[in-house]
Amino acid sequence: MKYINKYRFRYNIFSLMDKGVFTAMDVAWELNLSIRHVRRLLSKFKNNQKKVSTFVPPSRSSAWNRVDQDIINEVVRLKKEKPSRSNQLIVECVENKLLKKISGSAVRRILISNDCYEKVKREKRVFQNLEENITHSGQMVQFDVCEGAWLKGCRRVYLIAFMDAYSRYVVSWKWVKTNSAWNNILVLRSVAGKYGLPELFYTDNASFYKVIRHNQSIYQKHKPEDQYETTIQRIIIELGSVMVNHKPYEPQGKGRIERFFRFMQDRFITEHTARNLDELNNQFEVWVKWYNAKHVIRTIGCVPKDRFNPKGFKPVAKDLSLEKVFSYHFTRKVDKYNSFSIEGESYTIDPQNCKYFNGCLSARTIQVYVSPETVVVYYQDNRIQKFKRAKKSHN
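As a starting point, this report considers the structure included with it. (Residues numbered from 1 in each chain as written. Predicted model: local features only at pLDDT ≥ 70, side-chain atom pairs only at ≥ 80, totals over all residues. Heavy atoms only, no water.)

## Description of the pairing of strand 5 (residues 242-245)
Only one face of strand 5 is buried, namely the one carrying M243 and N245, since none of V242 and V244 on the opposite face is buried. Pairing of strand 4 (residues 200-203) with strand 5, which is carried by four bridges, proceeds in the parallel orientation. Within strand 5, the residue paired with L200 across the bridge is V242. (Buried < 20%, exposed > 50% of the residue type's maximum accessible area, 1.4 Å probe, protein only. Helix = DSSP H or I, 4+ residues; strand = E, 2+ residues; numbered from the N terminus. Pairing = 2+ DSSP bridges.)

## Re unusual backbone geometry
Positive phi outside glycine occurs at D115, with the angle close to 55°. One non-glycine residue, E343, lies in the positive phi region at around 50°. When you line up the elements, E343 lands in the loop between strand 7 (339-342) and strand 8 (345-348).

## Considerations on helix 9 (residues 255-269)
In this model, helix 9 (15 residues) spans 20 Å end to end at C-alpha, consistent with the 21 Å of a helix rising 1.5 Å per residue. Among all positions of helix 9, only R256, I257, F260, F261, F263, M264, F268 and I269 are buried. In this structure, the buried side of helix 9 is in contact with strand 1 (141-148), strand 2 (157-164), strand 3 (170-176) and helix 10 (277-294). (Expected span 1.5 Å × (residues − 1). Contact = heavy atoms within 4.5 Å.)

## Overview of the layout of surface pockets
Of the volumes computed, that of the second largest pocket is approximately 260 Å³. As for the second largest pocket, its lining consists of 15 residues, of which V170, V171, W173, K194 and V288 are closest to the centre. Elements represented by at least two residues in the lining of the second largest pocket include exactly strand 3, helix 7 (181-194) and helix 10. Residue contributions to the lining of the second largest pocket peak at five residues, all from helix 10. Here the residues of the lining of the second largest pocket sort into eight nonpolar, three polar and four charged. (1 Å grid on protein atoms, 1.4 Å probe; cavity = no way out; pocket = protein on both sides within 12 Å on 5 of 7 lines; lining within 4 Å. Points joined across faces, edges and corners; volume = space filled by probe spheres on them. Nonpolar A, V, L, I, M, F, W, Y, C, P; charged D, E, K, R; others polar.)

## Regarding the sheet that holds strand 10 (residues 374-379)
Read across the sheet, four strands follow the order 6-9-10-11 without closing on themselves; strand pairing throughout is antiparallel. A single partner strand is all that each edge strand has here, and the edge strands are strand 6 (328-333) and strand 11 (382-388). The sheet shows a mean angle of 25° between the axes of neighbouring strands, direction not considered. Bridge count between strand 10 and strand 11: six bridges; the pairing is antiparallel. By the bridge assignment for strand 11, T374 is matched with K388. (Axes fitted to C-alpha atoms, helices over the stretch in contact; angles between N-to-C directions.)

## Section: the environment of V38
With respect to the secondary-structure elements, V38 resides in helix 3 (residues 35-47). Owing to a relative accessible area of 0%, V38 belongs among the buried residues under this scheme. For the pair V38 and D26, spaced twelve residues apart in the sequence, the C-alpha separation amounts to 9.9 Å. Beyond its immediate stretch of four places on either side in the chain, V38 contacts F14, M17, A24, V27, A28 and L33.

## A short note on the sheet that holds strand 2
As summarised here, the arrangement of the five strands in space is 3-2-1-4-5, forming an open sheet in which the pairing is mixed. The open sheet has two free edges, formed respectively by strand 3 and strand 5, since each of these has just one partner strand. Strand-to-strand twist across the sheet, computed as the mean angle between neighbouring axes with direction ignored, equals 20°. Relative to strand 2, strand 1 is paired through eight bridges, and the arrangement is antiparallel.

## Considerations on the packing of helix 2 (residues 24-31) against helix 3
At their nearest, the axes of helix 2 and helix 3 sit 9 Å apart, and the two run at 105° to each other. Considering their axes alone, helix 2 and helix 3 lie roughly perpendicular with respect to each other. Contacts from A24, M25, V27 and A28 of helix 2 reach helix 3 at I35, V38 and R39. By residue class, the composition of the contact of helix 2 with helix 3 is six nonpolar, no polar and one charged. (Parallel < 35°, antiparallel > 145°, perpendicular 65-115°, else oblique.)

Encoded structure:
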């Protein structure tokens, strides 16, 4: 059985319609077309001198983005020559050699069609469910930094946030222009001052959370077995808590605060109207209060405020000097003018403040506790003098 040539069939139908045998409605019903389309085809049929070619569609032209054969051959050759080459590397090699542009997705399609593509096999892992081990507020606080070009006039702004892992309650936060160690210390101090200390601080592997360089300096030879602490590590230890860093390249470890950042970008960033950093912090304060008190967390089935219990945090020891703890520690030797210098700034100790040491600390080693605003001098656990800094740093 032969198939009907639909183009010849349409030619015969429209020829009869042109002679008045069929009406437009009859042809529309026969060909399953609209009457409007039938009339359009009849007009085209007459303008084309009533030829069969009227109903034959034009041949397809080659795709506008078709890849040249020389590019295909070069892509396949590069991959077979060295199977470990990535798609992006092949793109760069092709552009350098043939001076022709090609995308990474096009390279992938070429490799698949030529049986040269191997999908990277990722090791499947089973992650531990922390919900089973975290039983109360204050057991773990996750903290991290989220950044983006989210404020007009600022290249980047950074949100430093601390979240109680049990309740998902945001205990402290601050929007800043620089993600410095000192700004992280300020937010950490607000947590300790308002709620106290959790049993565990959990964060990533940023350089001011953890020493990540070993044996890379010509001045110091750090060995992997050596233990060096950052200022934030030292502060948390002196406060009486513990800080743990998740494994490198595994942000799933602090997935709760990462999920909060994603939600914040979707809900707050797209809606805020702040024109400067102060307005951004003010608007975010209102939003965080809503988040803690009104937003139902799907995984726990309630709002963070209903699950948060501040009594789970232990209080900071009363005999602890927070002025010393939350600062940068230095030692300096006092010169013959009763002066010393910190980061290019010179300070002269008033003899009246060290009368118990004959008014002079020359040639003695002092302890200096530095913040961006102040410099405090101690000698043998005696507070000698406090200076205001003319030039701020660390912020």
